[in-house]
Every structure is written in C-alpha cells, then in structure tokens.
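The primary structure of each chain is shown beneath.
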Number of protein chains: 2
Amino acid sequence: MTEFEIIAHYFTRPSDALLGVGDDCALFSSKKTIAVSTDMLVEKTHFFPGDDPFLLGRKSLSVNLSDMAAMGARPRYALLAISLPVADEAWLQAFSKGFMAQAERYGVALIGGDTTRGPLAVCVHIIGELDAELALRRDGAKPGDEIWVSGHLGDAALALAHLNDEIRLTDEEAEFCLGALHDPVPRVELGLALSGISRCAIDISDGFCADLSHILEKSIVAAVVEYAALPCSETMEKYRSTRASAILSGGDDYELCFTASPEKSNDVRSIGERLGIRLSKVGKIREGSGLVVLDEAGREMKIGNKGYAHFS
Amino acid sequence: MTEFEIIAHYFTRPSDALLGVGDDCALFSSKKTIAVSTDMLVEKTHFFPGDDPFLLGRKSLSVNLSDMAAMGARPRYALLAISLPVADEAWLQAFSKGFMAQAERYGVALIGGDTTRGPLAVCVHIIGELDAELALRRDGAKPGDEIWVSGHLGDAALALAHLNDEIRLTDEEAEFCLGALHDPVPRVELGLALSGISRCAIDISDGFCADLSHILEKSIVAAVVEYAALPCSETMEKYRSTRASAILSGGDDYELCFTASPEKSNDVRSIGERLGIRLSKVGKIREGSGLVVLDEAGREMKIGNKGYAHFS
C-alpha cells in the first residue's frame, strides 16, 4: 500500500467540511471563534512498542479532544499526521478503527493529514468552535474561586508504576489502571457544560500540581488544596498514603481541573449529576502566588516533582 | 531546559490571535473560509541527520506554506509539534531562528504546538484564509485548460542523486541543487495572484507526473504534456536527456502546477512578470483520463515511477 492507498482506505470519510481529505488543504468555515490545538504521541515516550493499536488510535484523538474540553470548545475537525515504520495493514486497520470511531463519537470529521515513513509517531491537530467570551482560559481564575477536579486522579500513574515494576497491582487493579492509562475519557461534554459557569480550566495531562500551577501562573493567583479532597478511585485509595505522587504529579489523567466562584457551586454539582461525572471541590484560589497542598492534619505537604516534564 | 522553557524561549512571540501559545488551545476568528493542512518531516525520511537546523526550521514551514500556495490561501497561523531526542540548545536556537524568520516573512503567527522527547520529527499545522469560490482545487481542471508550471523542476532530485552518489555534480552545481532541496521557496504570492485566473493547482512535492496525476484523477480529465516544455535550470538542462526522471518524477520541488483557460494566458504571463517568477506552459488538459508526456519527436515517453510514494 502506498500512503495514498492508506489514506483512501483507512482515513477517508464524508464530512460536512467544504473540502475534506484529498487536496492540498481542507476547507471549512465557521461563524464562531476557532480553537486549535495539537498533540504528538511518540513511541517509547508516550506509549510502548506493541501497545494495542485500536486503543492508541482512540487515545491519539482523545488527548486532543481533552484540549478542546479544557477550553470549553466543541470539537469539529481533525488532521492526522502519522509516521509509520512499515505499512502494516492489520495495525492500520485497528488504529484507524479506534481513531475513526472516537471521531464519530465526538462529532469530529477527519479532513486532512499526512502519512509518512519513519519511527512510529502520531500527531493530531484538532479544530473546534466556541464563543470567545465563554472560553475556559488558564488565565481566568480569580481569588475566591473554588477549585474542582473531575473524575479521579492517579490511576494512569499507578499503571505506569505497575508496568515499571515499582508496585505490584492485582490483575483486577492492573486492568482498571491500564484502562485509565491507555483509554482516557476526554471530558468534552463537561467542558461544554461549564460554559458560563467556569471561566478557567486545564486538562490534567502532566500532573495535577503541574497543571494547576499553569493556571496559577497565568492567572497570577495562589491556591490552597486539601490533599484529602483530591478524588481517587478505590484502587488509588489503597495507595493514597504511600504513593501521593501518583495523585499530585501523575500525568495522563486527562481529567479537568477548573475553577468557579462559590455562588456557582450548586450549578457545578448539577452538571456533574446530569453528566454522571464525579466533580470534587479540592481547594480555593487565593491572592498571591504558588500552590500549597495541605495534608489531613492541615500541614503543608512537600511536593517534589510537580509533574511530568520532557527534558527535565 | 524543560519543554515549557523551550516553548517560552524559542517559540513564543506576540500574535494577532485572540489567544496564542500557552493555553490548552489557541483561539482566532475569521470571516473567510479557513484552509488547513499538515506536513510532517521525519529524520532519515525527509532529511538527513546533521542537516543544518536553520534550514530545516525554514523548510518545515516552507513545505506547509507550499500547501497554502497550492490552494491560493493566505497563510495566517501555524502550530508546531516537534519531537527531539535531546534539548540541544544550539540546535533549537538555529531551528527556531529559521522557522520564526520564515513565519515572519509570510505573515504567519505561531500560536501553539507540542514539544516532546523522541526521534527527531517536525509536524507543522498551517492555517490560512481564502474565498472558497476562488480556491485552487485539484478538481478544478477543465478540458481545454492549459497546464502551467512555476520555476524549474528536478534540481532537488539532482541534489538527492548527488548525495546518493548516483551522479557527480561540480561544487557549484551541487551548491545550487542542494539549495533547492534544503531551502525550497513556497509560491505563496503566486498562489494568491492566481485567484480568479486559475481554478486548479497542486504543489509539486511528490514529482511532476504524480502530482499532475492527482489533478487529473480529481478533475476526471486527461493531459498531454510536452517534455521539452518542462522548465529546467541550467544545471538540470545538462541532464535533461540522461535524467528525465528528475524532471518528471523528482520530488521536493515545491513549484506550483496549475491550469488556466487559454483566454487567461496573458494574465498568467503578467503575473509571472510582476512576481519575477518563470511560468511555463507545458501542456493541455483534455477529455478522458491519464497523462501522456511527449518527447521532442512527438512520441509518447514511458514514465516508470510517476513520483515518490512512501511504502511503495
């Protein structure tokens, strides 16, 4: 198969764009503000050789959908650039199935891309729409805001620790945590629902403390977080005292961390109930700078590495 | 340096976007039709280890600008995803200098991206604007149209043949051809000028015959091309009879191949004169299907491999 056959066979579907796959550019128009983002997943850095291609296809779109969610944008289009060592049809079939099904699930049309030979890497460019004045920006946190987290934190980090033989999970626990690592759920509906309720969000990809710190820096504010309030799965709960770093600094959760004024507290709770997503109030935005995490006794916890950083 | 420091130091500039580098998404708005495209350059596939990072930075944007040119779009924004084995500051400085200077030259604002550890690869997403009804689409060729080519063909392929020890160029010839390979000039101004004159263009990245064939397939037409009319540099002219494949199937030229009705012939010539770009009439669009290239005696030439294809 040439790259043209690969694209035609696996990655071409009808779309509502003015012009989709198959020209020098794709064309679309929008009356709204356009939101764009890109994430690249590279073998051995973001996933392991031999990882399930179906889940990799899904995840490569999910992590980009997560950026849309963190902005409160409705995803519309995607471009997929993929570098492959060989044109392995079984791999391509599974990968494209995972990618395209997730695209359909979230109303995203694949309208372009690039296919090339090289070490395995997947780079997705995602395009969405929003009302600019309702965007969930990193600089939108205000002193007095409450800090919220969706879902639960640390499961993906536990899976990594398990894969790296740092801990030994039971089969059932491992299955659950590996699911969180390989198949994160992008919080697109939550991001959309927070329009007008929250002004500030980020998705937790590098680690809770690192990502909340991005909000604090951009918003020029401080935060106090209660460690005990950080939401955990049953599995992670068992490791809460021994592997706090998974909760505080584990990457790949793809949950949303957002802020909202206390008057919006009930609105936030209603959204969580309506969407069936656990939403936990974990702290407060204050004037000043820096992040303080308090343990159950109210003592400041030492946070070593705030989160994942390439080249650190 | 962490990726955050790399981004802040090398890849952050003010822009006219509503929101640029540093949030989950970048935001912009446009009253026009949006054109998007992506190209990924991978070490050992698209460039050699040790290639000049300044030129690689420039080329990684140029090949994407070339897609804008081929659509007749005005480039506006770019996102840059880059995978690096190490955070080599000298390399990053040179690469970003090449990339950012080219961005400035063409009025492109870098508004987002991703930086990760991995084998060297650069994936650029480019975003531009146009009037949809004036787009230079691959399906826009009509029987009777004349076929034009900008600049000259085959120099990049000669450079590759030289690097692969298939031919031996003089130092001066090698310098010229390597310039074409490593530093292609995107024909953005030409693409814009062709609005309303041409309805159909493609950029020659895979090879003249391969790329013209994309037009023929999408437009459901045939073409007859005169080999002697295909434009060559002085250097390539010396190899016209011995290395026809460089002209017909050599990739990486990044010239435009476009069609226009014969009544527009003088308009096309005027554009070439105004922009100082050689524009050559090389053939005709006919009814039917397939591409015929005639030699100087009017005999049909055998075209083996029409152009570069990954995985072929």
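One numbering rule holds for all chains: residues counted from 1, following each sequence as written. For naming, the first written chain is A and the first written ligand is 1, with later ones following in the order written. Selection of residues for local features in this predicted model requires a pLDDT of at least 70, selection of side-chain atom pairs for listing and counting requires 80 or more, and totals for whole chains, interfaces and linings are taken over all residues. Excluded from the side-chain calculations are hydrogens and water; all other atoms, namely the structure's heavy atoms, are used.

## Comments concerning the interface of chain A and chain B
Thinking step 1. In this complex, chain A contributes 71 residues to the contact, which on the side of chain B involves 71 residues.
Thinking step 2. Buried area: the accessible surface (1.4 Å probe) lost by two parts on joining, summed over both. For the pair chain A and chain B, the summed buried surface comes to about 5300 Å²; carbon and sulfur atoms form 62% of the total.
Thinking step 3. Only one rule defines a salt bridge in this text: a Lys or Arg side-chain nitrogen within 4 Å of an Asp or Glu carboxyl oxygen. One can count four salt bridges joining chain A with chain B.
Thinking step 4. When the shortest N-O distance is used, the salt bridge between Asp 24 of chain B and Arg 138 of chain A registers 3.0 Å.
Thinking step 5. We call two N or O atoms a polar contact when they sit within 3.5 Å, provided that within protein one can donate a hydrogen and the other can accept it, with sequence-adjacent residues counted only if both atoms are side-chain atoms. Summed over the shared surface of chain A and chain B, the result is 19 residue pairs in polar contact (both at pLDDT 80 or more).
Thinking step 6. Helical segments are the DSSP runs of H or I of at least four residues, strand segments are the runs of E of at least two, and each set is numbered from the N terminus. The dominant element in the side of chain A that touches chain B, judged by the number of residues it contributes, is strand E2 (residues 33-42) of chain A, at nine residues.
Thinking step 7. Any residue outside Ala, Val, Leu, Ile, Met, Phe, Trp, Tyr, Cys, Pro, Asp, Glu, Lys and Arg is labelled polar, Gly included; the first ten of those are nonpolar and the last four are charged. Here the residues of the side of chain A that touches chain B are counted per class, giving 40 nonpolar, 18 polar and 13 charged.
Thinking step 8. A pair of strands counts as paired when DSSP detects no fewer than two bridges linking them. Bridge count for strand E1 (residues 26-28) of chain A against strand E2 (residues 33-42) of chain B is three bridges, and the pairing is antiparallel. Along E2 of chain B, the bridge assignment pairs Phe 28 of chain A with Ile 34 of chain B. Note on contacts: a residue pair is in contact if any heavy atoms of the two residues lie within 4.5 Å.

## Some thoughts on the pattern of salt bridges
Charged atoms that come close allow side chains of opposite charge to pair.
Thinking step 1. Across all of its chains, the model carries 32 salt bridges over all chains by this definition.
Thinking step 2. Residues Glu 173 of chain B and Lys 238 of chain B are paired through a salt bridge, measuring 2.4 Å at the closest nitrogen-oxygen approach. With a gap of 65 residues between them, Glu 173 of chain B in helix H5 (residues 171-182) and Lys 238 of chain B in helix H8 (residues 234-238) connect regions that are remote in the sequence.
Thinking step 3. Throughout this description, buried means an accessible area under 20% of the type-specific maximum (1.4 Å probe, protein chains only), exposed means over 50%, and partly exposed covers the range between. For Lys 238 of chain B, a relative accessible area of 55% translates into the label exposed.
Thinking step 4. Bridged by salt links that share partners, the residues Asp 16, Arg 76 and Glu 129 of chain A form one connected network.

## Focus on the sheet that holds strand E4 (residues 109-117) of chain A
Thinking step 1. Pairing in this open sheet of five strands is mixed, and the strands run E4(A)-E3(A)-E5(A)-E2(A)-E1(B) from one edge to the other. Among the strands making up the open sheet, the edge pair consists of E4 of chain A together with strand E1 (26-28) of chain B. Each adjacent strand pair in this sheet contributes to an overall mean axis angle of 20°, direction not counted.
Thinking step 2. Helix H2 (residues 53-71) of chain A rests against E2, strand E3 (74-84) and strand E5 (121-130) of chain A together with E1 of chain B of the sheet, and its axis sits at about 145° to E2 of chain A. Where helices are involved, their axes are fitted lines through C-alpha atoms of the stretch in contact, as for all axes, and angles between N-to-C directions lie from 0 to 180°.

## Focus on the sheet that holds strand E4 (residues 109-117) of chain B
The strands that make up a sheet pair up through hydrogen bonds in the backbone, lying either parallel or antiparallel.
Thinking step 1. The strand order across the open sheet built from five strands is E1(A)-E2(B)-E5(B)-E3(B)-E4(B), with neighbouring strands paired in mixed fashion. Each end of this open sheet is capped by a strand with a single partner; those strands are E1 of chain A together with E4 of chain B. The mean angle between the axes of side-by-side strands here comes to 20°, regardless of whether they run parallel or antiparallel.
Thinking step 2. Of the strands in this sheet, E1 of chain A together with E2, strand E3 (74-84) and strand E5 (121-130) of chain B touch helix H2 (residues 53-71) of chain B, which is tilted by about 145° from E2 of chain B.
Thinking step 3. Packing of helix H3 (residues 89-105) of chain B onto the sheet brings it into contact with E3, E4 and E5 of chain B, and relative to E3 of chain B it is tilted by some 165°.

## Remarks on the relation of the copies chain A and chain B
Thinking step 1. For this overlay, a least-squares fit was computed on C-alpha atoms, restricted to residues scoring pLDDT of at least 70 in both copies. Laying chain A over chain B is done by rotating through 180° and shifting 0.0 Å along the axis; what remains is an RMSD of 0.0 Å. The superposition of one copy onto the other is thereby described by a two-fold rotation axis.
Thinking step 2. The share of interface residues of chain A whose copies in chain B are also at the interface is 99%, consistent with both copies meeting through the same surface.

## Remarks on the packing of helix H4 (residues 155-163) of chain A against helix H5 (residues 171-182) of chain A
A packed helix pair is summarised by two numbers, namely the angle formed by the two axes and the spacing between the axes.
All names here are of chain A.
Thinking step 1. The contact between H4 and H5 brings their axes to 7 Å, and the two run at 115°. Overall, the two elements H4 and H5 adopt an arrangement that is roughly perpendicular. H5 is crossed by H4, and the crossing has left-handed handedness. Mapping the contact onto sequence places Asp 155, Ala 156, Leu 158, Ala 159, Leu 160, His 162 and Leu 163 in H4 and Ala 174, Phe 176, Cys 177, Leu 178, Ala 180 and Leu 181 in H5. Reported orientations rely on four angle classes, namely roughly parallel under 35 degrees, roughly antiparallel over 145, roughly perpendicular from 65 to 115, and oblique for the rest. By definition, turning the near helix anticlockwise from the far helix through less than a right angle yields a left-handed crossing, and turning it clockwise yields a right-handed one.

## What about the confidence of the model for chain A?
Thinking step 1. pLDDT measures the predictor's confidence residue by residue and takes values from 0 up to 100. When pLDDT is averaged across chain A, the result is 93; 98% of the residues are at 70 or more.
Thinking step 2. For this predicted complex, the interface score ipTM comes out at 0.91, while the overall pTM is 0.93.

## Focus on the packing of H2 of chain A against helix H3 (residues 89-105) of chain A
Residue and element names in this part refer to chain A.
Thinking step 1. Where H2 meets H3, the axes come as close as 6 Å, and the angle between the chain directions of the two elements is 35°. Our pair here, H2 against H3, has a crossing hand that is right-handed. Only Trp 91, Ala 94, Phe 95, Lys 97, Gly 98, Phe 99, Gln 102 and Ala 103 of H3 make contact with H2, whose side of the interface consists of Pro 53, Phe 54, Leu 56, Gly 57, Arg 58, Ser 60, Leu 61, Ser 62 and Leu 65.
Thinking step 2. The residue inventory of the contact of H2 with H3, partitioned by class, reads ten nonpolar, five polar and two charged.

## Considerations on a nonpolar patch on the surface
Thinking step 1. Side chains of Phe 48, Leu 160 and Leu 163 of chain A sit close together on the surface and give an oily, nonpolar patch of about 220 Å² of accessible area.
Thinking step 2. Overall, Leu 163 of chain A belongs to the partly exposed group, its relative accessible area being 36%. Here a patch means residues that are over 30% exposed by relative accessible area and free of salt bridges, tied together within 9 Å if like-charged and within 5 Å if nonpolar (Val, Leu, Ile, Met, Phe, Trp, Tyr). Note that accessible areas follow from Shrake-Rupley with a 1.4 Å probe, and for residues the cover is restricted to the protein chains shown.

## Quick word on the packing of aromatic side chains
Thinking step 1. Here a pair means two rings of Phe, Tyr or Trp (six-membered ring of Trp) with centres within 6.5 Å. Their orientation is stacked below 30 degrees between planes, edge-to-face above 60, and tilted elsewhere. Within this structure, the stated rule accounts for twelve aromatic pairs over all chains.
Thinking step 2. Consider the rings of Trp 148 of chain A and Phe 258 of chain A, whose centres lie 6.2 Å apart with planes at 5°: the pair is stacked. Taken together, the positions of Trp 148 of chain A in strand E6 (residues 146-150) and Phe 258 of chain A in strand E9 (residues 256-260) put the pair 110 residues apart, joining distant regions of the chain.
Thinking step 3. Ring-pair connections join several aromatic residues into one group, and the members of that group are Tyr 10, Phe 11, Trp 91, Phe 95 and Phe 99 of chain A.
Thinking step 4. The criterion for a charge sitting over a ring is simple: Lys NZ or Arg CZ within 6 Å of the ring centre, and within 35 degrees of the ring normal. The side chain of Arg 105 of chain A reaches across the aromatic face of Tyr 106 of chain A, ending 4.1 Å from its centre.
Thinking step 5. For Arg 240 of chain B, the ring lying beneath its charged end belongs to Tyr 227 of chain B, and the centroid distance is 5.3 Å.

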